[in-house]
Amino acid sequence: MPTERPVGVTPFQTWSNTLNKPFCLYITNQARFSADTYAPCCWITRRLNLITATQQETNEYKNWLSNINDWVPECNFCQEKELRNIDSPRIEIEKNPTKVGITNESDIGSITSLDLQIDLSCNAACLMCSSYNSTTWKKYELGSIDNKSQVNKNIDSENTYRTQQRLKNVFASIALDRVNHIMFLGGEPLDSDIHKQTLLEIQKHKPLSTVEVRYTTNGSRLPDAETVELWKQLKSLTVIFSLDGTEQHFNYLRWPLQWHQVDHNVRQFVKLKSSDLPGINFGISSAISPFNIFYYDHYLDWEADAFRQLPYPKRPRFSTAFDATGVINTACIPPDLMTVIQEKYQDRPWLVNRMRPFDPARYTKFMQYVEQHDQLRGTNWRETFPEVVRYFDLDI
Ligand code: SF4
């Protein structure tokens with residue numbers, strides 16, 4: 001397939017690892033565009049601001065990445081996991097390099113994977129998220145102001161404009177003929193056409209049958225007919241649902257989405273596997289938090305039922321349960337509740353391992369945060385999670 005783009009060097013190519021064994025394949029082979037920033041992955045804490053960076057700062061960033069051959073403080077997320085004997089993203093990708101698009105024909109150091117989080121359009125304001133990632137969060141943060149509907153429209157149109165600019169930048173700065181893997185994140189990626197525009201652009205440079213695509217979706221949207229036609233052409237398609245609770249627990253954590261709708265949609269996706277898209281794969285991305293960990297077995301029962309027709313490997317490979325790391329995080333689980341969790345999930349050490357040592361300062365912040373949003377949203381954590389309320393009555 002003809003390409004107008006230069007083969008080989010791209011603006012974001014790195015040569016980390018002139019060593020035989022790269023320190024991290026995300027650094028060598030992935031480009032992550034998140035809002036207006038660039039980085040190799042979502043966990044590294046130093047990112048390049050594409051709007052404000054000078055050419056010199058861009059070069060310095062690339063050089064810095066190229067020289068990472070051992071732990072740097074910016075990669076603490078992975079190092080901390082490895083110290084706890086949990087596979088970090090760095091280890092996971094080493095075990096399965098195809099997840100960053102590395103094939104037998106790929107060069108280490110050539111961008112083979114795109115991680116796109118450039119469209120913040122989202123119909124949810126999940127409690128563990130923020131306005132950084134969601135237009136609905138932005139609108140929610142406005143509270144009640146006089147001209148709210150006009151401001152809401154402005155938020156949407158500004159997001160659409162900025163997303164198109166970002167997409168142009170991605171197309172201009174990456175050799176798309178080398179890209180074998182794309183991850184669409186949001187926002188909610190099925191809430192707009194950005195994913196279709198990207199696949200149609202890639203198709204100008206290489207057949208979609210050579211590209212593996214993953215979506216992370218909140219499950220509130222179903223694909224339209226054009227999307228299904230594009231998906232049929234892909235080398236592989238994985239749809240990852242962000243789910244960490246059911247019923248009222250889901251409605252609370254993923255406000256204002258509604259469980260009955262998401263439950264219905266997930267089952268529709270599963271039906272696609274036995275009709276239009278037999279090759280579709282599914283995954284789950286679960287944020288383990290102080291409120292949902294006690295009820296996680298409810299969620300697992302639902303998951304086993306919703307996907308019962310599919311021959312999946314055993315968990316935890318199907319469900320990627322990670323510990324939430326923002327204001328809502330597993331260092332806020334009260335000590336007595338931690339004991340209960342350890343007893344309850346003796347057969348699920350991967351879940352127990354998600355708990356971090358209790359941190360009273362973070363706990364206090366967490367409680368202030370949920371009380372504040374309960375007031376604004378008209379929700380009530382005590383009514384939603386009654387079985388664990390007593391553990392949260394701490395005198396700190
Ligand atoms: S070591 Fe971890 S944080 Fe650092 S670049 Fe690799 S995946 Fe990202």
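Residues numbered from 1 in each chain as written. Predicted model: local features only at pLDDT ≥ 70, side-chain atom pairs only at ≥ 80, totals over all residues.

S.K.: Explain the overall build of the protein chain to me, please; I cannot follow it from the model alone.
M.R.: Along its length, the protein chain carries 15 helices and nine strands. The C-alpha atoms of the protein chain give 21 Å as radius of gyration, which agrees with the globular expectation for 396 residues (21 Å, within 12%). With the C-alpha coordinates aligned to their principal axes, the bounding extent of the protein chain is approximately 65 × 50 × 45 Å. When burial is assessed residue by residue, the protein chain has 35% of its 396 residues classed as buried. Contacts spanning at least 24 positions in sequence make up 74% of the contacts within the protein chain whose residues lie at least 6 apart. (Helix = DSSP H or I, 4+ residues; strand = E, 2+ residues; numbered from the N terminus. Rg over C-alpha atoms; globule rule 2.2 N^0.38 Å. Buried ≥ 20, exposed ≤ 12 C-beta atoms within 10 Å, placed from the backbone. Contact = placed C-beta atoms within 7 Å.)

S.K.: It is not clear to me how the nonpolar core should be interpreted in this structure. Could you clarify?
M.R.: Across soluble globular proteins, nonpolar side chains show a tendency to be buried alongside one another. Core analysis: the largest hydrophobic core is formed by 76 residues, its most contacted members being Tyr-26, Leu-116, Val-179 and Ile-182. When sequence neighbours within four positions are dropped, the list of residues in contact with Val-179 reads Gly-101, Ile-111, Thr-112, Leu-114, Ile-174, Ile-202 and Val-211. (Core = buried A, V, L, I, M, F, W, Y, C linked by C-beta atoms within 7 Å.)

S.K.: How should helix 11 (residues 296-306) be read in this particular structure?
M.R.: Side chains of residues three or four places apart in an α-helix project in the same direction, reflecting 3.6 residues per turn. Every buried residue of helix 11 is accounted for by Tyr-296, Tyr-299 and Glu-303. Here the buried residues of helix 11 occupy an arc of 55° about the axis, which is enough to place them on one side. Exposed residues on helix 11 whose side chains face more than 90 degrees from its buried face are Asp-301, Ala-304 and Asp-305. (Arc of directions from axis to C-beta.)

S.K.: I keep staring at the environment of Gln-372 and nothing clicks. Help me out?
M.R.: Mapped onto the fold, Gln-372 is located in helix 14 (residues 360-377). Taking the C-beta count within 10 Å as the criterion, Gln-372 has 10 such neighbours and is therefore assigned exposed. Along the sequence, Gln-372 and Gly-245 sit 127 residues apart, while their C-alpha atoms lie 21 Å from each other.

S.K.: Would you explain the site of the ligand in this entry?
M.R.: The ligand sits among 13 residues. The nearest are Cys-24, Cys-41, Trp-43, Cys-75 and Cys-78. Listing elements by their share of the shell around the ligand, those giving two or more residues are helix 1 (25-29), helix 3 (76-83) and helix 4 (89-95). Its residues assigned to classes, the shell around the ligand comprises 11 nonpolar, one polar and one charged. (Near = placed C-beta within 6 Å. Nonpolar A, V, L, I, M, F, W, Y, C, P; charged D, E, K, R; others polar.)

S.K.: Help me out: how do you make sense of the environment of Leu-65 in this one?
M.R.: Among the structural elements, Leu-65 can be located in helix 2 (residues 55-66). For the pair formed by Leu-65 and Ile-27, sequence separation is 38 residues and the distance between their alpha carbons is 6.7 Å.

S.K.: How should the environment of Asn-63 be read in this particular structure?
M.R.: Inspection of the secondary structure puts Asn-63 in helix 2. Assessed through the 12 C-beta atoms surrounding it within 10 Å, Asn-63 is described here as exposed.

S.K.: When you look at the pairing of strand 5 (residues 181-184) in this model, what are you seeing that I'm missing?
M.R.: Each regular strand shows side chains that alternate between the opposite faces of the sheet. Alternating positions in strand 5 separate into two faces, His-181 and Met-183 on one and Ile-182 and Phe-184 on the other, with burial throughout. As paired strands, strand 5 and strand 6 (residues 212-217) are joined by four bridges and run parallel to one another. Counted as the bridge partner of Phe-184 is Tyr-215 from strand 6. The parallel pair strand 5 and strand 6, bridged by helix 7 (residues 194-203), forms a crossover whose chirality is right-handed. (Pairing = 2+ DSSP bridges. Right-handed = clockwise from strand over helix to strand, strands pointing away.)

S.K.: Even after reading the chapter, I still don't get unusual backbone geometry, so can you show me in this structure?
M.R.: Phi is mostly negative for residues that are not glycine, and the peptide bonds are mostly trans. Cis geometry marks the peptide bond from Trp-255 to Pro-256; its omega dihedral reads 0°. Residue placement: Pro-256 occurs in the loop between helix 9 (247-253) and helix 10 (259-273). Positive phi outside glycine occurs at Asn-85, with the angle close to 60°. Of note, the phi angle at Glu-247 is positive, near 50°, even though the residue is not glycine. Structurally, the position occupied by Glu-247 is in helix 9.

S.K.: Help me out: how do you make sense of the confidence of the model for the protein chain in this one?
M.R.: Caution is warranted with low-pLDDT regions, since their predicted coordinates should not be read in detail. Mean pLDDT over the protein chain: 89, with 92% of residues reaching 70 or higher. Low confidence marks residues 1-19, where pLDDT is under 50. Its contacts with residues over four positions away, or in another chain, come to 48 contacts. (pLDDT = per-residue confidence, 0-100.)

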